[in-house]
Amino acid sequence: MTQTISRRHFMQAAAFAGTAGLSGVFPGMSFAQDGRKLTVRFNRDFDSLDPGFYVGGHPNNDVNWCCMPSLVHYGFRDGQATWIPSPFVESVVARDSTHIDFRLKQGLMWSNGFGELTTDDVAFSYERMTTSEWKSDYVAFDRVDIMDRYSGTIVLNQPFAPFMNTTLASGTGIILSRKATESVGGKFTTEAPATCGPYVYAWTQGQHVKLTRNPEWTGDAPYFDSIDALIVTEDDSAALAFEAGELDCTQISSEALARYKEKPPADSALTVAGALQYMWLGMNTEHPKLKDLRVRRAIQSAVDQASIIQGAYAGTAEASYGVVSPGLVGKRDSAGYSHDPGMARSLIEEAGASGLELTLRTLNNQERILAATIIQANLAEIGINVTVMPLDAGPFWEMGQESKGDTWKDLEIWIMRFGSGPDPYEPFQWFIRDQVGIWNWERWSSDEFEELFKMGIEEVDSNERAKIYTRMQEIMEETGAYVWLTHEPEVFIHRSDISAKFAPSGEMQLPYFSRT
Amino acid sequence: MTMDAVGTFRQRPEKLALLLKNKQGMIGFVLVVAFFLSALLAPFLATHDPAQLDIPARLTGPGADHWLGADQLGRDTYSRVLYGGRVALKVAAIGVTLSLVIGLTLGMVAGYGPRWLDNALLLLFDTIRSFPTIVLALAAVSLLGPSLNLILSIVIITSIPSYARLARTSTLALKNTEFIMAERSLGAGTFRILFRHVMPNVIGPLLILAAMDVPVVVTIEAGLSFLGLGVLPPTASWGTILNEGYLVIRTSPWPVVAGGIPLVLTTLGFTLLGEALRDIFDPKLRGIR
Amino acid sequence: MLIYIVKRIGLAVLIILLAVLALFVMLHSIPGDPVSIALGPRATPEIQAAYAAKMNLDKPLFTQFLIFLGNVLTGDLGTDVFSNRSVAKTLLGQLPYTISLAVASLGWAVALGIPMGCISATKPNGWLDRITGLVSIGTIAVPSFLVSIWAILVFAIHLNIFPVIGAGDQGDLADMALHLVLPSFAVGLGWVGYLARMVRASMLEVMGENYIRSARAFGLTTQTIIYRYALRVAILPTITLIGVGFGGLLSGTVFAEIIFARPGIGKVIYDMVLNRNFPVVQGAVMMTVALYAVVTLASDIIVSILDPRVRESL
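Residues numbered from 1 in each chain as written. Chains lettered and ligands numbered in written order. Predicted model: local features only at pLDDT ≥ 70, side-chain atom pairs only at ≥ 80, totals over all residues. Heavy atoms only, no water.

Section: the packing of helix H5 (residues 87-122) of chain C against helix H8 (residues 173-207) of chain C
All names here are of chain C.
Part 1 of the argument: Look at H5 against H8: their axes get within 4 Å of each other, and the N-to-C directions meet at 40 degrees. With respect to their mutual orientation, H5 and H8 come out oblique. As H5 packs across H8, the resulting crossing turns out to be right-handed.
Part 2 of the argument: Tallied by class, residues from the contact of H5 with H8 come to 25 nonpolar, seven polar and one charged. (Axes fitted to C-alpha atoms, helices over the stretch in contact; angles between N-to-C directions. Helix = DSSP H or I, 4+ residues; strand = E, 2+ residues; numbered from the N terminus. Parallel < 35°, antiparallel > 145°, perpendicular 65-115°, else oblique. Left-handed = near helix turned anticlockwise from the far one by under 90°. Nonpolar A, V, L, I, M, F, W, Y, C, P; charged D, E, K, R; others polar.)

This is the structure in structure tokens:
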């Protein structure tokens, strides 16, 4: 396991390297004081705490990390996000590449009288995940060997580099109470049958989630007595509210970021939680209008990435050249095509596709609409007439899925953005052959890609992984079905006296927040 | 009221002179004419192609090149406002005309037809009116997706009842007048009576209502486009200018101001003109809105 | 009188029934599987099966409608597919916010509109009358969502004196009231002009009546009369306005709730439209229709009691 880790690389090496003295401790109450209140913002409404069947991400994870146990959390070592043992455990040690030993703290009680948190709950939760909607996070999981009531060993069926950072530390590593979950029939959404964590929550739909200290909690105490998370969907309203002093911490739009970089509001600080998102213009390789590789190549050369970054993201997003995000192994520094409308035009003429009419589907938010408008203008220059079709979240996320209707057949081009955990394995899983019609909406497959994907899972040397993942991105690009657009950073603004902690995927780790 | 209407519309010249003397009416008239002209002549008045991107010029304030500044894609706000007027004009013209025609027809049928039909239609109108327009529009968009045609349909459906009710009342009053009775006894068909004799006497108040309805229609389109549920890019509408401007409201207030002012002037113009016309031609219409 | 009220209530019930029918027809006239349309595509097969069973989709359409209607009338507005919560419960939790916003907006209209109407009526066609007339028209012409945006621009961004998001801290009445100021102003402003004009008109009408003339004969000045009778005279137009304008008011609250990120029925509808959560949208539409019907009903009945002339029109 010899590897060079650049400053910005997330330390997936740490997955098996043990923990070297760093572990999660909530900031605690050094002295009793009333009224430690924090007001933060959720970008959208909370919809489920169930890690097996939730939509994932923010704000569900934010709430989960306040109210539910997990073995590891995200921490920062030398400024880099890596997993750390959570305050729920005595220890977590990766013994070798397929065995992780853990020991839970004693006396952590589930609410509603469901007893103590035990190894059995851990085993139950992870096994349950293997048949859930998030089972892809658990491909390498084999079983939990139970030693006693508090200790056990997680056994993997193959070395799986991302397991700690993208599975256990992420929202899908949340532990449920076996008894409580079974008592409600095995699934739940916003009303968890039992919680166990530093906070308890109360949710008012569409309005806020209120977190208050859990009186039954015996572990480390978090700093804030109560946290009010207001649900504010509009970035601009949230930025305004921050400036007006109504919020202590909020994620901000790229437009606001550009403004704050120039002129930050008083007593505030910006924190980049991560840029683990990749956005691209996707093309359906099976669609009659796009079957010709030359047409797809032409579109790749026609789209002006720099204009999109400037125009739609106020210059704050990073240029993307693949699905691996900045700071991760395998991130590319350039694409195999460049912005060249002249070449694009001649490719279109060659393919006899002048006057082509395409429908560009995008999520209905302002930045995406701006990006779509730019693409529309770019393609008009090469004689492709684009109609922009803005869609709301529901229909948008279903349009390429064969199980959700017939839209996938009419799908032509679209702007897509995925988020990922801090490991390059994660993005590629969505583009393999099995994913055609699920998340591989571009509908292509390649034997070499499949082969490399398997190699990447088992490979632990980061130089080798970098080669594998670079090649995989080249294969994707050569299909012509991808125009790489941006890596949007997740940036938060908060009061400068607040120490804010974020997961690299952009959720707030609220129990770790404190005021200095 | 209708007998008045029948009478008054026979004395147009004097009434028009009155309109010329009515200050508010004249202001309204000028604004309305300006709205029509700027929308129709947009291609000549605009300084830029409204969809032309110019990223380096993004969010510049008003100046020699961009009279009202440029938006976040560097598009010229002045030109976009002009072209936005065309969308407003289109929605207003089609929306108001169709709802007037349908409302007029249904209203005359209700007023002239048998009692049961009258009751059924009245009930239909009341039912439609019980849906708040924006709420109905949101529900429809959630099922069918956003488009200008959908906005138009919603506008038409929700405006029909007020035209129809007005036409019905006037028709009821005419129904038993001697002149219609005389026509009927001469053997004129229902169709002929309605369209040759009833319509000319009923349509006047409806035209005034139409003028006053334009602001409502224009506002619905702008509102839905502001919510991102209206016209599609790159079409400029006052609502989308406001929507995009709201995103950069802290960096540059120009787009929200520039997108809002023409909207206000247009609604103001039609309201002033409509009210002046009403006061002159048909003062008793006052209760209708 | 009683006959009018009974007739009016019957009409309201009939309208609600028809509105429910219209929604039902809308849902069933869209091509595709009604279950997927009603629940949105993200519903799991179990939820779809449960819904299909509950709605008796195998039965004839008319039976389905009766069942649908039965559910609605017993307060069962369906189940939110995502949270598995009762739609009615969700909406009832939001209703107080919308109602308080509507009432506060009305407060603005009354606070500004009645004095304006009185001022105009004191000297009809005087310069004050002309100014208030122009202001009235101005307030009518500016769309409420534009007032919201501009109010944010001026009061929240440049002056920074009012909170801009949310409904305030629950339980902290002062805070909640402060959060109501801007949104209710935006919604209420459009009514100021209408109310001022109606008050002016009624006032001028009243001035010509006998008891006012005798009051004048006793030496009371016009001003005194106007302010003494102002409230009494203003009640009728205000109530009439609530009846006529409530639909517009609801539309106004939708925008204000979205722009000011306030909880409420309008915000729920908008959010659920974006998430394509049709059961909630449908429930919310039915609730607004019912709300509208009840408010216009109440307003019509009160007006008919206060002003007997109205009764003849039904």
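That shown, we press on.
Quick look at the interface of chain B and chain A
Part 1 of the argument: Each side of the interface is counted separately: chain B has 19 residues, and chain A has 22 residues.
Part 2 of the argument: Overall, the association of chain B and chain A removes approximately 2000 Å² of surface from exposure, summing both partners, and the carbon and sulfur fraction of that is 61%.
Part 3 of the argument: Broken down residue by residue, the surface that chain B buries against chain A is led by Pro233(B), Leu247(B) and Arg250(B), which jointly contribute 33%.
Part 4 of the argument: Counting every contact that joins chain B to chain A gives one salt bridge.
Part 5 of the argument: Linking chain B with chain A are three residue pairs in polar contact (both at pLDDT 80 or more), by the criterion used here.
Part 6 of the argument: Taken together, the residues of the side of chain B that touches chain A break down into twelve nonpolar, four polar and three charged. (Contact = heavy atoms within 4.5 Å. Buried area = accessible area lost by both parts, 1.4 Å probe. Salt bridge = Lys/Arg side-chain N within 4 Å of Asp/Glu carboxyl O. Polar contact = N/O pair within 3.5 Å; in protein donor to acceptor, adjacent residues only side chain to side chain.)

Considering a nonpolar patch on the surface
All names here are of chain B.
Part 1 of the argument: A cluster of nonpolar residues, Phe-29, Val-30, Val-33, Phe-36, Leu-37, Leu-40, Leu-41, Phe-44 and Leu-45, forms a patch on the protein surface that exposes about 830 Å² of accessible area.
Part 2 of the argument: Within the residue set of the nonpolar patch, elements represented by two or more residues are helix H3 (23-40) and helix H4 (42-45).
Part 3 of the argument: Of the residues forming the nonpolar patch, the biggest block, six residues, is contributed by H3.
Part 4 of the argument: By the element assignment, Phe-29 lies in helix H3.
Part 5 of the argument: The class for Phe-29 is partly exposed, based on a relative accessible area of 39%. (Patch = residues over 30% accessible without salt bridge, like charges linked within 9 Å, V, L, I, M, F, W, Y side chains within 5 Å. Areas by Shrake-Rupley, 256 points an atom, 1.4 Å probe, with all protein chains shown as cover. Buried < 20%, exposed > 50% of the residue type's maximum accessible area, 1.4 Å probe, protein only.)

Some thoughts on the environment of Leu363(A)
Part 1 of the argument: Inspection of the secondary structure puts Leu363(A) in strand S15 (residues 356-363).
Part 2 of the argument: Leu363(A) sits 73 residues away from Val436(A) along the chain, and the two C-alpha atoms are 21 Å apart.

Concerning the interface of chain B and chain C
A common measure of how large an interface is: the accessible area buried when the components associate.
Part 1 of the argument: The interface is formed by 39 residues belonging to chain B together with 43 residues belonging to chain C.
Part 2 of the argument: Between chain B and chain C, a total of about 3900 Å² is buried, with carbon and sulfur atoms accounting for 81% of that surface.
Part 3 of the argument: On the surface where chain B and chain C come into contact, there are one salt bridge.
Part 4 of the argument: The closest approach of N and O atoms between Glu275(B) and Arg197(C), which form a salt bridge, is 2.4 Å.
Part 5 of the argument: The interface formed by chain B and chain C includes five residue pairs in polar contact (both at pLDDT 80 or more).
Part 6 of the argument: Taken together, the elements giving at least two residues each to the side of chain B that touches chain C come down to helix H6 (115-129), helix H7 (133-144), helix H10 (190-226), helix H11 (238-247) and helix H12 (254-281) of chain B.

A look at the pattern of salt bridges
Pairing is possible between side chains that carry opposite charge, provided their charged atoms lie close to one another.
Part 1 of the argument: Per the counting criterion, the structure on display carries 38 salt bridges over all chains.
Part 2 of the argument: A salt bridge links Glu412(A) to Lys289(A); the nearest nitrogen and oxygen atoms lie 3.1 Å apart. One end of the pair, Glu412(A), is in the loop between helix H12 (407-410) and strand S17 (413-419); the other, Lys289(A), is in the loop between strand S13 (277-283) and helix H7 (293-302), and 123 residues separate them in sequence.
Part 3 of the argument: Look at Glu412(A) and you get buried, because its relative accessible area is 6%.
Part 4 of the argument: Residue classification places Lys289(A) among the partly exposed positions, given a relative accessible area of 31%.
Part 5 of the argument: Close ionic contact of Arg80(B) with Glu244(B) constitutes a salt bridge, the shortest N to O distance being 3.8 Å.

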